[in-house]
Structures are given as structure tokens and as C-alpha cells.
Amino acid sequence: MRDLRNGGFDQFVWNHGAERAREIGRAWREVGAVENGELLCRLADVLDTQEPFEPDQVVAAFHRYRVEVKGPEFEVPGVEDELEEALLEWAIEHAELFG
């Protein structure tokens with residue numbers, strides 16, 4: 001979460017890679033944080049399309065990626081808010097489990 005707060009979703013995906021972002025995105029979708037999960041998966045798909053670059057061009061390559069995905073601000077609820085809402089909805093639906 002610190003990476004998300006520090007640099008945004010696009011930087012998180014850039015730093016951790018497309019496959020890891022998809023894993024987290026799928027997990028978030030499964031627990032109800034659908035918008036944030038879909039965003040991570042979409043950003044991972046775009047990352048996979050990026051051209052290779054030399055190590056000394058990493059900053060320029062990231063900025064091209066950020067422009068392409070229109071980051072760092074995305075029209076999704078805060079991830080903590082969406083996960084909190086999903087947990088609350090699950091708890092209400094399964095109230096009988098709490099005795």
C-alpha cells in the first residue's frame with residue numbers, strides 16, 4: 001500500500017511488474033474491490049505493450065507509460081475505501097457467522 005500512496009497505481013505496476021499487478025488485481029476483484037482490481041489489470045496489460053528500453057532510459061520509459069495510461073490520477077475509489085466497503089457488504093451478507 002505504501003507504493004500506491006507514494007507513486008500511484010501506475011508506478012506500483014511499473015515497479016512490481018505486470019504479472020504481480022494482475023495477481024493482486026484478480027484478488028481484489030474476488031473480494032469485491034472490483035474497480036481497483038480492474039485498474040491494476042488494465043495497467044498491467046498496457047505495461048506488457050511497452051517497448052524495451054536501455055537501463056539509462058528507465059525514467060523516460062516510465063514517463064511514456066504514465067502518459068499512455070493517463071496517470072497518476074485515476075477515477076476509482078480509494079483502495080482502502082473499496083476494500084472496506086466490500087468487507088462490510090460481506091459481513092452483512094454473512095451476519096449469521098458472527099453469532
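These figures come from a predicted structure and were not determined experimentally.

Draft legend 1. How the structure looks around the packing of helix α4 (residues 34–48) against helix α5 (residues 58–69). Interaxial distance between α4 and α5 falls to 11 Å at its minimum, and their mutual angle equals 130°. Classified by the angle between their axes, α4 and α5 sit oblique to one another. Note that α4 runs across α5; the crossing there is right-handed. Counted together, Arg42, Leu43, Val46 and Leu47 of α4 and Tyr65, Glu68 and Val69 of α5 form the full contact between these two elements.

Draft legend 2. Region of interest: the nonpolar core. Counting residues in each nonpolar core, the largest one holds 22 residues, and the members touching the most others are Phe9, Val13, Trp28, Leu40, Leu43 and Tyr65. Contributions of two or more residues to this core are made by α2 (9–16), α3 (18–31), α4 and α5. At 6 residues, α4 tops the list of elements feeding residues into this core. Residues within four places of Val13 in sequence aside, it is in contact with Ala18, Ala21, Leu40, Leu43, Ala44, Leu47 and Tyr65.

Draft legend 3. Seen up close, α5. The terminal C-alpha atoms of α5 lie 16 Å apart, and with 12 residues this matches the ideal 16 Å at 1.5 Å per residue to within 8%. When we look at burial in α5, the residues that qualify are Ala61, Phe62, Tyr65, Arg66 and Val69. Relative to the axis of α5, the buried residues are bounded by an arc of 140° and lie together on one face. Exposed residues on α5 whose side chains face more than 90 degrees from its buried face are Val59 and Val67. Where α5 is buried, its residues touch α1 (2–7), α2 and α4. A positive backbone phi angle near 60° is found at Lys70, which sits one or two residues after α5.

Here is what the cut-offs are and how they apply
- Residues numbered from 1 in each chain as written.
- Predicted model: local features only at pLDDT ≥ 70, side-chain atom pairs only at ≥ 80, totals over all residues.
- Heavy atoms only, no water.
- Axes fitted to C-alpha atoms, helices over the stretch in contact; angles between N-to-C directions.
- Helix = DSSP H or I, 4+ residues; strand = E, 2+ residues; numbered from the N terminus.
- Parallel < 35°, antiparallel > 145°, perpendicular 65-115°, else oblique.
- Left-handed = near helix turned anticlockwise from the far one by under 90°.
- Contact = heavy atoms within 4.5 Å.
- Core = buried A, V, L, I, M, F, W, Y, C linked by side-chain atoms within 4.5 Å.
- Buried < 20%, exposed > 50% of the residue type's maximum accessible area, 1.4 Å probe, protein only.
- Expected span 1.5 Å × (residues − 1).
- Arc of directions from axis to C-beta.

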